[in-house]
Structures are given as C-alpha cells and as structure tokens.
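# Inside the fold
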Amino acid sequence: MTSAADTAPAARKPKRDRTHYLYIAVIIAVAAGIAVGLAAPDFAVGLKPIGTGFVNLIKMMISPIIFCTIVLGIGSVRKAAKVGAVGGIALVYFTIMSLVALGIGLVVGNILEPGTGLAVTDAIKDAGHAQIDSEAKDTTEFLLGIIPTTIVSAFTNESVLQTLLIALLAGFALQGMGSAGQPILRGIEHIQRLVFRILAMVMWAAPIGAFGAIAAVTGSAGVDALKSLAVLMLGFYVTCFLFVFIVLGILLRVISGLNILTLFKYLGREFLLILSTSSSESALPRLIAKMEHLGVSKPVVGITVPTGYSFNLDGTMIYMTMASLFIADAMGTPMSLGEQIPLLLFLLVASKGAAGVTGAGLATLAGGLQSHKPALVDGIGLIVGIDRFMSEARALTNFAGNAVATVLIGTWTKEIDKERVNEVLAGQLPFDEKTLLDDGHGGSTDEHAEVPEQGGEKELAKT
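Cut-offs used in this document
Sequence positions are assigned chain by chain, starting from 1 and proceeding in written order. At least 70 in pLDDT is required for a residue's local features to be given in this predicted model, at least 80 for side-chain atom pairs to be given and counted, and no such filter applies to totals for whole chains, interfaces and linings, which use all residues. As a rule here, side-chain values cover all heavy atoms of the structure and leave hydrogens and water aside. Secondary structure counts use DSSP, requiring at least four H or I residues in a row for a helix and at least two E residues in a row for a strand, with both numbered from the N terminus. Exposure categories follow from relative accessible area, calculated using a 1.4 Å probe and restricted to protein chains: below 20% of the type maximum is buried, above 50% is exposed, and the middle band is partly exposed. Only heavy atoms matter for contacts: two residues are in contact if any of them lie within 4.5 Å across the pair. Values of accessible area rely on a 1.4 Å probe in the Shrake-Rupley scheme; residue burial ignores everything except the protein chains shown. Only the contacting stretch of a helix is used when fitting its axis, a line to C-alpha atoms as for every element, and angles between N-to-C directions run 0 to 180 degrees. Roughly parallel means an angle under 35 degrees; roughly antiparallel means over 145; roughly perpendicular covers 65 to 115; every other angle is labelled oblique. Helix crossings are classified by the rotation of the near helix relative to the far one: an anticlockwise turn of less than a right angle makes the crossing left-handed, while a clockwise turn makes it right-handed. Under this grouping Gly is polar, as are all residues other than the nonpolar Ala, Val, Leu, Ile, Met, Phe, Trp, Tyr, Cys and Pro and the charged Asp, Glu, Lys and Arg. Only residues above 30% relative accessible area that lack a salt bridge enter a patch, with like-charged residues linked at up to 9 Å and the nonpolar side chains Val, Leu, Ile, Met, Phe, Trp and Tyr linked at up to 5 Å. When a carboxyl oxygen of Asp or Glu lies within 4 Å of a side-chain nitrogen of Lys or Arg, that pair is called a salt bridge. One less than the number of residues in a helix, times 1.5 Å, gives the span that helix is expected to have. What makes a nonpolar core is a set of buried Ala, Val, Leu, Ile, Met, Phe, Trp, Tyr and Cys residues whose side-chain atoms join them at distances within 4.5 Å.

## Here's the deal with the overall build of the protein chain
For the protein chain, the count of helices and strands is 22 helices and zero strands. Within the protein chain, the fraction of its 463 residues that count as buried is 51%. The long-range share in the protein chain, meaning contacts at least 24 apart out of those at least 6 apart in sequence, stands at 84%. Carbon and sulfur atoms form 65% of the exposed surface of the protein chain, whose accessible area is close to 20300 Å².

## Re the packing of helix H4 (residues 48-75) against helix H16 (residues 298-311)
Two elements in contact, H4 and H16, have axes whose closest approach is 7 Å; the angle formed by their N-to-C orientations is 140 degrees. In terms of orientation, H4 lies oblique with respect to H16. With respect to the hand of their crossing, H4 and H16 are arranged in left-handed fashion. Contacts between H4 and H16 pair Ile66, Thr69, Ile70, Leu72 and Gly73 from the former with Lys298, Pro299, Gly302 and Pro306 from the latter. The class makeup of the residues in the contact of H4 with H16 is five nonpolar, three polar and one charged.

## Some remarks on a nonpolar patch on the surface
The grouping of Leu234, Val238, Phe241, Leu242, Phe245, Ile246, Ile250, Val254 and Leu261 at the surface amounts to a nonpolar patch, some 850 Å² of accessible area in total. Counting residues per element, the nonpolar patch draws most heavily on helix H12 (residues 230-256), at eight residues. For Ile250, the position within the fold is in helix H12.

## Quick notes on the pattern of salt bridges
A complete count under the given rule lists four salt bridges for this structure. Put simply, Glu189 and Arg193 hold a salt bridge, and the shortest N to O gap is 3.2 Å. Taken as a pair, Glu189 and Arg193 lie in helix H10 (residues 182-202) at a separation of four residues, close to a single helical turn. For Glu189, a relative accessible area of 11% corresponds to the buried category. Overall, Arg193 belongs to the partly exposed group, its relative accessible area being 25%. We note a salt bridge from Glu270 to Arg286, for which the minimum N-O separation is 2.5 Å. Here Glu270, found in helix H14 (residues 268-277), pairs with Arg286, found in helix H15 (residues 284-294); they are 16 residues apart in sequence, far enough to count as distant. Grouping residues by exposure puts Glu270 and Arg286 together as buried. By sharing partners, the salt bridges in this structure join Glu270, Arg286 and Lys290 into a single network.

## Description of helix H17 (residues 314-330)
Across its 17 residues, H17 extends 24 Å between first and last C-alpha, which sits within 8% of the 24 Å expected from 1.5 Å per residue. Among the 17 residues in H17, 17 count as buried, and that is most of the element. Positive backbone phi, approximately 80 degrees, marks Gly332, located one or two places after H17.

## A few points about the packing of H4 against helix H9 (residues 160-177)
One can describe the packing of H4 onto H9 by two numbers: an axis separation of 8 Å at closest approach and a directional angle of 30 degrees. It follows from the interaxial angle that H4 and H9 lie roughly parallel. Crossing of H4 against H9: the hand is right-handed. From H4, Ile62, Ser63, Ile66, Phe67, Ile70, Val71, Ile74 and Gly75 reach across to H9, where they touch Val160, Thr163, Leu164, Ile166, Ala167, Leu168, Ala170, Gly171, Phe172, Leu174 and Gln175. Residue composition of the contact of H4 with H9, by class: 14 nonpolar, five polar and no charged.

## Some words on the side chain of Asp314
Within the secondary structure layout, Asp314 lies in helix H17. Not counting chain neighbours up to four residues away, the residues in contact with Asp314 comprise Met97, Ser98, Ala101, Phe243, Thr397, Asn398 and Gly401.

## Observations regarding the nonpolar core
Ranked by size, the top nonpolar core spans 113 residues in total, and within it Leu263, Tyr266, Leu267, Met291, Leu294, Leu365 and Val404 carry the most contacts. Considering each element in turn, this core owes the most residues, twelve residues, to H4. Setting aside chain neighbours within four positions, we find Leu267 in contact with Leu287, Lys290, Met291, Phe399 and Ala403.

Here is the structure:
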C-alpha cells in the first residue's frame, strides 16, 4: 500500500507543456519577417521557399489524417443513415452561409465604392490576365475530379475531396463488415496516432516557416501598394470581422449556447499559425484534432471539416464580391444590382470548381470574370499587390467559419458532448500538444461501437 501511495502522485503529475514557447517563437518570427520585408524587400522575397516548404510539410499530412479520422468515425457508427444526415445538413448550411457572405460583401462593397478614381495601365492589364489559371476547372470537371484514378492516387494528389470519397467508402465498408472489421479499425487507429505524432514534430518548424512566409509577403507587396489600396483592404477586413463576430457569433450563441470569443481562445494557436502562413490548410489537421477533443463526434468532425474546406469558404465569398465591385468601379464601368447578382452567383459556383487550385482566391476571381464578364479581367492587376495581405483575412474567416460549422452541425445532430465542451473551454481538460490525440474520447453519444481494446482505455482515461 505504501508503494502505491508513493507512486500515485507521480503518476498524476501532468507533463509539462513546452509548446507555448513554440508559439511565442512564432510571434517573434512574424515580427522579424515584417521587419526584414520592409528593410530588404529583394532579400525577403527570396525567403518565400522557406514558408512554402513549411506549408507543404503540413499539407502532406492532410490526406492521411482525413482518411484515418473519417474511417474511424464512420466505421464505428452503427447507423449509416446518421452519416448521410450529417453530410446533408453540412451541405445545406454551407450553401446558405456562402450566400449570406456574398450578401454582406455586396452591401459593404456598394457602400464603400473603393475602386473609384484609380487608373488602369497596360502593365496592370497584363498582370491581371496573368492571373488566369489554366488549371482551373469548370463545375463538371470538378465533380468528375472527385473520383481518383486509383485508391492510392487519392493520397498522392492534392485533392481533399478525393481522400474524402475513399475514406467514406472505406468507412461504410468496415461498418458493413461488423466484428470482422475491428482489427482493421485498430490498425488505422495506430496509424492515426503515428501521423499526429509526426505532425506534432513538424510543428516545431513553424517559427522558421512563419518568418519566411511573412518576409516574402511584406517584401513583395511593399508599403506603396498598401497605401494606395488601403480602403479596399480595410473594408474587406472590417467586413470579415463583422461576418465572423456578428453573424457566426450570434448563430453559435443561439444554437449551441457558446461564446465565440471563448471558442476562438481555444483555437488561438491555429489562428496564429494561419496568420503567419496565409494558409488555412496549415491548420486543418489541428482543427480536426481539436474539434474531437472539444467533444464533437468523429463522424461530424471527419465529414464537416474536410468538406467545409472546399465548400464553406465564407472569406473567399466576401473577397470575390468586394474585389469584383472594386474592379468594376476602377475600370469606370460600375455594375448595376441586376448585373452584380448573376456575376456573384456565378462566382459562387466557380469557387467550387477551383477549390483545389493553388492561390484559389485570385485565380478563381480571374477565371470567373474571364468566363462571365471578360472586360473586368484587365482590372485584376490592381489587386495583385495586396492579394496576399487580403488572403490573411480570407484564410482566417474560412477557418473560423469551419470551426463554428463543426460545432453547429454537432449540435443539430446531437453529436456533441456539451458537458465536455464546457470543461474544455474552461481549461479543465487541456489539449495534448504532444500527440494531438485525445485517447479514450470517442464522441458524444453511444452511437460508436466498442472497438476492441478501446473500452479499457476509456475507463482508464476517465479514472
């Protein structure tokens, strides 16, 4: 008894979290990157591969994480209809919120009229036409592109939706196999732990990646571009702020009873990562892990987050609305409301067709205008210089929208453990930054079958 008593306190002693030093280093790196970008622009632009390399390290983890998360979630759900209900609710919600974002951007863009008085030179026209990406696909090609060439190729392409399709098929297949599929589920669970551990290791390179990315953005845009287009940038940032804290904030409070500031505090490190890399994809794996830790079930997280990254682009919707109106005003051909609405609805569809294109914001805008109103393509060069700065707000808004969507859909489908949510947001159940996994937590309901060897872990974790 004495021996057990002596060892008990040591066993309960939590491991010291050193990752807060990592994110302090990221903040310092961002400040240093801005300073280098302003002091030595040419040198700073040459640092861009450092930031790109870090983002690519994160992106290489996305497909296996999505696959493991969805397969484990769906494979352990007893009723397949529940998965379909989650997907249906998610798509309806994504469509409605995209229209709301377009509407808000439309109102603010018409009030500000930021493009009035600017001149479009031949150099600007050339820069605009250069943004039209030949890789952008129309809607039909986009839908066919969801089907991978082989099962394995889904993991080697950059299409999140291809991985999502294969994961859904595998999850339903394992669900139909019953007890015979349990050993496979256990194996996938171990693979998931390995992948998240690798991701935790990669995150220690975040300060270096943040420095390179911010320095390159600051050096390439320069102060002149910021001054001349400050109205558009400020208007866009304010619009994104209002959308997130008023529209999403009210939805989250009314439907889930949560304060959006509390949720964002919980996701603070992810927002910092996005801000420093200008890429919402860099935080996708961590969003999956944190939403599961928060108390949302695996099926809801596994379906909502990856799908939302292609279909729930609230920040991109606002960006395309305001940018289109800005360009039309700058070209001296302001659009009437009757012209604006068809163009924006077209861009709403076009954004889905170019979801997997690198730099999708500017490329989608260019491709959409080329197809629907070619005369406006000449003015795209006006916003090339500040696009990367606007991509910060785009990425942050897109991420916030997907985080809120996951909680809302979990509430609607009753797949969220509200007691656990309150404990996590109160800081009583800290997130494990070392493994990025929450051993023993399987969701909010009893819809998850008992995967062999997990039950004991759950009881041990509770104890």
